[in-house]
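Reading the structure
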Amino acid sequence: MHGSLSVARELLRHGLVDRVRLLSYPGSVGEGKKLFPPDMPVALEPISTVQLSNGVVALEYAAGRV
């Protein structure tokens, strides 16, 4: 799910997500809406981590319900 935080949260809340893929950018700062708010715990099990040549880290997790 790209581009819709509210849809991604609802899919996670209802246990309809089996994989979560995140990109972590170096030097990103600031504040915004959280994908995983404190009232919605999600169990994430690491599957893979790949560091790209530009410093971005691609993370993949198996998602489950807490």
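Residues numbered from 1 in each chain as written. Predicted model: local features only at pLDDT ≥ 70, side-chain atom pairs only at ≥ 80, totals over all residues. Heavy atoms only, no water.

**A look at the overall build of the protein**
The line we're drawing: The secondary structure listing takes helices from DSSP runs of H or I that are at least 4 residues long and strands from runs of E that are at least 2 residues long, numbered from the N terminus. Only protein chains enter the area calculation, which uses a 1.4 Å probe; residues under 20% of their type maximum are buried, those over 50% are exposed, and those in between are partly exposed. For this analysis, residues touch if any pair of their heavy atoms sits within 4.5 Å. Only the protein chains shown count as covering a residue, and every accessible area follows the Shrake-Rupley method with a 1.4 Å probe.
Each helix and strand in the protein was counted, giving one helix and three strands. Going from N to C terminus, the protein has its helices and strands arranged as α-β-β-β. Based on the C-alpha atoms only, the size of the protein along its principal axes is roughly 35 × 25 × 20 Å. Here the protein holds 66 residues, and 14% of them are scored as buried. When contacts within the protein are restricted to residue pairs at least 6 apart in sequence, long-range pairs at least 24 apart make up 56% of them. Looking at the protein as shown, the accessible area adds up to about 5200 Å², and 53% of this sits on carbon and sulfur atoms.

**Describing the environment of Val50**
Its place among the elements puts Val50 in strand 2 (residues 42-51). For Val50, a relative accessible area of 43% translates into the label partly exposed. Sequence spacing of Val50 and His2 is 48 residues, and the spatial spacing of their C-alpha atoms is 19 Å.

**Here we look at the pattern of salt bridges**
Test applied: For this document, the term salt bridge refers to a Lys or Arg side-chain nitrogen within 4 Å of an Asp or Glu carboxyl oxygen.
In this structure the tally under the stated criterion is three salt bridges. Here Arg19 makes a salt bridge to Glu60, at a shortest N to O gap of 3.0 Å. One end of the pair, Arg19, is in strand 1 (residues 19-24); the other, Glu60, is in strand 3 (residues 57-65), with 41 residues separating them in the sequence. For the salt bridge of Glu60 with Arg21, the shortest nitrogen-to-oxygen distance reads 3.2 Å. Here the residue Glu60 occupies a position in strand 3, and Arg21 occupies one in strand 1, the gap between them amounting to 39 residues.

**Examining the confidence of the model for the protein**
In low-pLDDT regions, the fine details of the predicted coordinates are not to be read closely. Test applied: What pLDDT reports is the predictor's confidence in each residue, on a scale of 0 through 100.
Taken residue by residue, the protein gives an average pLDDT of 86. The fraction at 70 or more is 94%. The element-level mean pLDDT for the protein is lowest in helix 1 (residues 5-13), coming to 86, with strand 2 highest at 94.

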